[in-house]
Amino acid sequence: MDPLLSHPMEKNDMKQQASKFRSWYKTLVGKLGGILSQVSLERIVKGIEKGQLKEATDEIERSLQRSKNATLNVAVIGQSGSGKSSFINVLRGIGHEEAGSASVGVVPTTTKKTPYPHPKCPHVTFWDLPGTGTPKSLPNPYQELVGDDKYDFFIIISSSRFSSNDALLAQEIQENGKKFYFVRTKVDNDLYNEKKSKPRSFKKETVLQQIRDNCLINLSKIVSEPTVFLVSNFEPKKFDFLKLRETVLQELPDEKRYTSVLLLPNLSESFIKMKRDIIKEKVWLQAFKAAILAFFPIMPLCCVFNLSEQEECLKLYQSHFGLDEDSVSQIAQELGTSEQEITSLMKSTDFNSLVEDDSTIANVKKFAEIIFSITGLPQSSVFQFYKVYFLHLKFIDTVAEDAKRVLAKIEEMK
């Protein structure tokens, strides 16, 4: 039963309404966690219980605004030549030779801390910090590099056996009370060299475990329960890159999670599902807030059903899933195929068929009739509100399925 279907103005039903909100919200939240912090969730529930509906909707709006405007500053640090700049390019989803990419080369390229905003979200910035262990490095660079309070967390990049530089960086970050993730890059190179030197005894999983154990043993002297992620900067789907992104997202503050999830590359169906879940959560919270405000005479449920606005929303969802026109063009170019072949996989390009779908209208009519019979609100307003709500859910599901089909095509052609 949708919590929107019971009249929240009935005083004796307030606790029941609050309980429904809590249980329904929990079913919406994915495994990463949701937009609402536990504190915000309790404030909303308490507001509903006490009949303070305006306070509850204000808290929802504050949470939505925090998630929309949250900044994230990620510091990438490590010894010179470890692959920091390449790693940042992978995180930003751009090629190493594209305009605005972090400089990559066989000689040190980062001599001062350099910000690289995400191309789709300027609130998210990756900081390429100068490499340690070179002749131009500061005599004691660690405090100088780590002591900046603006970083939300650090990613230590290492490309060889665990070194004294790695240990000192980890220790300095730990002492400054900051979170760090230890990433071992160039693992594919290690596997290639090991296989070439020991072709008969080579076992991929054994070599990977040896690399991981070497890092874990040394990190355990600095932090309890350390975690090591093995990655390739040129094949991010291999090894632990997906696990790293998921772990970081789970440990982010609630208000910083929404934007970070939207910036995930479509590297797996799991990532696509994370995006779909958190976007649907936001739409549901907006709908719940609007429905509650509709009970106040000065707060209309909605105005008119504007087709052009809905089409813009569909385009926004396509952008979130990396299926906007520019992204499709880039995918086609990388695969050496036509844009038409990619768009032929996408059902979300047919806006009119989505809007006119009979199943959506049937759901709208059913819920509009229930709300109208309970609230006495103008039937047309209720109908238009639910038409937008269910249509957006259909948009999100359709675009997510498109993203899965495009991902399958990319994997097939590569």
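Up top you'll find the structure we're talking about.
Keep in mind that this is a model prediction, so the values were computed, not measured.

Q: Explain the overall build of the protein chain to me, using residue names and the numbers behind them.
A: When helices and strands are tallied, the protein chain shows 17 helices and six strands. With 414 residues in all, the protein chain has 49% of them scored as buried. When contacts within the protein chain are restricted to residue pairs at least 6 apart in sequence, long-range pairs at least 24 apart make up 68% of them. Accessible surface, the protein chain: about 20700 Å² in total, of which carbon and sulfur atoms supply 50%.

Q: Could you give an account of the sheet that holds strand β2 (residues 114-118), naming the residues involved and the relevant values?
A: The strand order across the open sheet built from six strands is β2-β3-β1-β4-β5-β6, with neighbouring strands paired in mixed fashion. The open sheet has two edge strands, β2 and β6 (228-230), and neither has a second partner. When the angles between neighbouring strand axes are averaged without regard to direction, this sheet yields 25°. Where strand β5 (residues 179-184) lies against β6, three bridges are found, and the strand directions are parallel. For Arg184, the partnering residue across the bridge sits in β6 and is Leu230.

Q: Break down the packing of helix α4 (residues 84-92) against helix α9 (residues 241-251) for me, citing the residues and quoting the values.
A: A pair of packed helices is captured by two measures, namely the crossing angle of their axes and the spacing between those axes. The geometry of α4 relative to α9 is characterised by a closest axis approach of 13 Å and an angle of 70° between their N-to-C directions. Viewed along their axes, α4 and α9 adopt a mutual orientation that is roughly perpendicular. Regarding α4 and α9, the two cross each other, and that crossing is right-handed. Across the interface between the two elements, Phe87, Val90 and Leu91 of α4 pack against Phe241, Leu244 and Arg245 of α9. Class assignment for the residues of the contact of α4 with α9 results in five nonpolar, no polar and one charged.

Q: Tell me what's going on with the packing of aromatic side chains, and back it up with residues and numbers.
A: This model, assessed by the stated rule, comprises 12 aromatic pairs. Between the aromatic rings of Phe351 and Phe395, the centroid separation amounts to 6.1 Å while the plane-to-plane angle is 45°, which identifies the pairing as tilted. Here Phe351, found in helix α15 (residues 351-355), pairs with Phe395, found in helix α17 (residues 379-413); they are 44 residues apart in sequence, far enough to count as distant. By relative accessible area, which is 9% here, Phe351 ends up buried. These aromatic residues form a ring-pair network of at least three members: Phe21, Trp24, Tyr25, Trp284 and Phe288. Of note, Lys150 hangs over the ring of Trp127, and the distance from its end group to the ring centre comes to 4.5 Å.

Q: So, the nonpolar core: which residues are in play, and what are the values?
A: Counting 80 residues, the largest nonpolar core has Phe21, Phe87, Phe153, Ile155, Val183 and Leu285 as the members making the most contacts within it. A total of 12 residues in this core trace back to one element, the largest contributor, which is α17. Dropping the residues within four chain positions of it, Ile155 is found in contact with Val74, Ala75, Val76, Ile77, Phe87, Leu91, Tyr181 and Val183.

Q: An account of the environment of Glu61 is requested, with residue identities and associated values reported.
A: Inspection of the secondary structure puts Glu61 in helix α3 (residues 53-69). With 228 residues separating them in the primary sequence, Glu61 and Lys289 have C-alpha atoms 7.9 Å apart.

Q: Account for the pattern of salt bridges, naming residues and giving values.
A: This model, assessed by the stated rule, comprises 23 salt bridges. Through salt bridges with shared partners, a single ionic network connects Arg43, Glu59, Arg62 and Arg66.

Q: Lay out the pairing of strand β1 (residues 72-78) in plain terms, naming residues and giving numbers.
A: Among the seven residues in β1, seven count as buried, and that is most of the element. Burial along β1 is two-sided: the residues Leu72, Val74, Val76 and Gly78 and Asn73, Ala75 and Ile77 are all buried. Pairing geometry for β1 and strand β4 (residues 153-158), over five bridges, is parallel. Within the sheet, the bridge partner assigned to Gly78 lies in β4 and is Ile157.

Q: So what's going on with the pairing of β4? Residues and values would help.
A: The buried fraction of β4 amounts to six of the six residues, a majority that puts the element mostly inside the structure. Alternating residues of β4 divide into Phe153, Ile155 and Ile157 and Phe154, Ile156 and Ser158, and every residue in both groups is buried. Pairing geometry for β4 and β5, over six bridges, is parallel. Each residue of the ladder has a partner; that of Ser158, found in β5, is Arg184.

Q: Run through the side chain of Thr185, naming residues and quoting values.
A: Among the structural elements, Thr185 can be located in the loop between β5 and α7 (187-197). At 2.6 Å, the side chain of Thr185 and the backbone oxygen of Ser82 are in polar contact. Filtering out sequence-adjacent residues up to four positions away, Thr185 remains in contact with Ser82, Ile157, Ser158, Ser159, Val231 and Asn233.

Q: Before we move on, can you summarise the packing of helix α1 (residues 14-28) against helix α11 (residues 269-293) with the specific residues and values?
A: Put simply, α1 and α11 touch, their axes get as near as 9 Å, and they point 155° apart. Compared by their axis directions, α1 and α11 come out roughly antiparallel. For the pair α1 and α11, contact is made by Phe21, Trp24, Tyr25 and Leu28 and by Asp277, Glu281, Trp284, Leu285 and Phe288, respectively. Of the residues contributing to the contact of α1 with α11, the split by class is seven nonpolar, no polar and two charged.

Q: Which residues make up α11, and what values do they have?
A: Compared with an ideal rise of 1.5 Å per residue, which puts 25 residues at 36 Å, α11 spans 36 Å between its outermost C-alpha atoms and is within 8% of the ideal. The buried fraction of α11 amounts to 20 of the 25 residues, a majority that puts the element mostly inside the structure.

Rules and cut-offs
- Residues numbered from 1 in each chain as written.
- Predicted model: local features only at pLDDT ≥ 70, side-chain atom pairs only at ≥ 80, totals over all residues.
- Heavy atoms only, no water.
- Helix = DSSP H or I, 4+ residues; strand = E, 2+ residues; numbered from the N terminus.
- Buried < 20%, exposed > 50% of the residue type's maximum accessible area, 1.4 Å probe, protein only.
- Contact = heavy atoms within 4.5 Å.
- Areas by Shrake-Rupley, 256 points an atom, 1.4 Å probe, with all protein chains shown as cover.
- Pairing = 2+ DSSP bridges.
- Axes fitted to C-alpha atoms, helices over the stretch in contact; angles between N-to-C directions.
- Parallel < 35°, antiparallel > 145°, perpendicular 65-115°, else oblique.
- Left-handed = near helix turned anticlockwise from the far one by under 90°.
- Nonpolar A, V, L, I, M, F, W, Y, C, P; charged D, E, K, R; others polar.
- Phe/Tyr/Trp six-rings, centres within 6.5 Å; stacked < 30°, edge-to-face > 60°.
- Lys NZ or Arg CZ within 6 Å of the ring centre and 35° of its normal.
- Core = buried A, V, L, I, M, F, W, Y, C linked by side-chain atoms within 4.5 Å.
- Salt bridge = Lys/Arg side-chain N within 4 Å of Asp/Glu carboxyl O.
- Polar contact = N/O pair within 3.5 Å; in protein donor to acceptor, adjacent residues only side chain to side chain.
- Expected span 1.5 Å × (residues − 1).

As far as function goes, none of this settles anything; it's purely spatial.
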